[in-house]
Amino acid sequence: MIGIIDYGMGNLYSVSKALERMNYDYFISSSPDELAKAEGLILPGVGSFKDAMGILHEKGLVGFIKESVAKGTPLLGICLGMQLLFEESEENGLTQGFGFLQGRITKIPGVAANGETYKVPHMGWNDLELKNPSPLLKDIEGGHVYFVHSYFAETDSENVIASSIYDVEVPAVVGKSNVFGTQFHPEKSSELGLKILQNYAVIVEKKVTI
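Please read all numbers here as calculations on a predicted model, not as lab measurements.

1. So, the overall build of the protein chain
Reasoning step 1: On a plain count of helices and strands, the protein chain comes out with six helices and 13 strands.
Reasoning step 2: Against the compact-globule benchmark of 17 Å for 210 residues, the protein chain has a radius of gyration of 16 Å, which places it among compact chains.
Reasoning step 3: With respect to the three principal axes, the spread of C-alpha positions in the protein chain is 50 × 40 × 30 Å.
Reasoning step 4: Classification of the 210 residues of the protein chain by burial places 52% in the buried group.
Reasoning step 5: Looking at the protein chain as shown, the accessible area adds up to about 9,400 Å², and 46% of this sits on carbon and sulfur atoms.
Reasoning step 6: For the protein chain, the distance from the average site of its 17 positive side-chain charges to the average site of its 26 negative ones is 4 Å.

2. Looking at the sheet that holds strand β7 (residues 101-107)
Reasoning step 1: Judged by pairing direction, the sheet is mixed, and its four strands sit side by side in the order β6-β5-β7-β10 without closing on themselves. A strand with exactly one partner marks an edge of an open sheet, and here the two such strands are β6 (95-96) and β10 (151-154).
Reasoning step 2: One ladder, built from two bridges, connects strand β5 (residues 86-89) with β6; its direction is antiparallel. Pairing of Glu88 across the sheet is with Gln96, part of β6.

3. Here we look at helix α3 (residues 49-58)
Reasoning step 1: Where α3 is concerned, the buried positions are Phe49, Ala52, Met53 and Leu56. All buried residues of α3 lie within an arc of 95° about the axis, which places them on one face of the element.
Reasoning step 2: The inward-facing, buried residues of α3 abut β3 (40-43), α4 (61-70), α5 (80-83), β5, β6 and β7.
Reasoning step 3: At the N-terminal end of α3, a side-chain oxygen is found 3.3 Å from the backbone nitrogen of Lys50, two or three residues along, and the residue is Ser48.
Reasoning step 4: Backbone geometry just after α3 places Gly60 at a positive phi near 70°.

4. Regarding the pairing of β3
Reasoning step 1: Burial along β3 is two-sided: Gly40 and Ile42 and Leu41 and Leu43, pointing in opposite directions, are all buried.
Reasoning step 2: As paired strands, strand β1 (residues 2-5) and β3 are joined by three bridges and run parallel to one another. Residue Ile2 lies in a different strand from β3, and its bridge partner there is Gly40.
Reasoning step 3: Of the pairings in the sheet, the one linking β3 to strand β4 (residues 75-78) comprises three bridges and is parallel in character. In the strand pairing of β4, Ile42 is matched with Leu76.

5. Some details on the nonpolar core
Reasoning step 1: Formed by 38 residues in total, the largest nonpolar core has its most connected members in Ile42, Leu76, Leu128, Leu136, Val173, Phe184 and Tyr200.
Reasoning step 2: Only β1, α1 (12-21), β4, β9 (143-149), β11 (160-166), β12 (168-176) and α6 (190-206) provide two or more residues apiece to this core.
Reasoning step 3: The leading source of residues in this core is α6, at eight residues.
Reasoning step 4: Apart from residues no more than four positions distant in its own chain, Tyr200 is found in contact with Ile2, Gly40, Leu41, Ile42, Pro74, Leu75, Leu76, Leu136 and Phe180.

Calculation criteria
Residues numbered from 1 in each chain as written. Predicted model: local features only at pLDDT ≥ 70, side-chain atom pairs only at ≥ 80, totals over all residues. Heavy atoms only, no water. Helix = DSSP H or I, 4+ residues; strand = E, 2+ residues; numbered from the N terminus. Rg over C-alpha atoms; globule rule 2.2 N^0.38 Å. Buried < 20%, exposed > 50% of the residue type's maximum accessible area, 1.4 Å probe, protein only. Areas by Shrake-Rupley, 256 points an atom, 1.4 Å probe, with all protein chains shown as cover. Lys, Arg positive; Asp, Glu negative; His and termini not counted. Charge placed at Lys NZ, Arg CZ, Asp CG, Glu CD. Pairing = 2+ DSSP bridges. Arc of directions from axis to C-beta. Contact = heavy atoms within 4.5 Å. Polar contact = N/O pair within 3.5 Å; in protein donor to acceptor, adjacent residues only side chain to side chain. Core = buried A, V, L, I, M, F, W, Y, C linked by side-chain atoms within 4.5 Å.

Written out as structure tokens, the structure is:
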């Protein structure tokens, strides 16, 4: 059973509908006591890093999520939820994240090395280039996924499972041990995205780690 964490800033409908489509058992909750019954957790997110961490603290979910990960519960962060996995973000002032992965969330520059400007946010389909093996991308050799974001993770290459290029190299899939994250929206990324969610369900079932 997968628990989707509801803290008021996640795209719960599309994530839950994707799991329903694949006949995976899930529930949505903001209660640490209820979420503790889940075998795996999904942390979705849309909006501001600072606001998200504030709400998670208010709801008592920060301590719960850290304890769950320490116990070995698989965690998948999606979009902003992925960014929250890192140490800190500079969005709207420096804010501390969960710190499961080393690195900082920083704004996409919007200006190339040659001085030309380009659109931010990074919105739309982009190629996925595999960097390191992971059970999250089992039987996936690349393809296109759907992004909507203005900030990206600056992190060590060992944490990057796959990346995409949007002038800068954007860590698109990250992970370490039982913590995983996608900067893009797998639930909006057609069959490839559904395969990633399917792989995560297998990770939850079999307690697979990187």
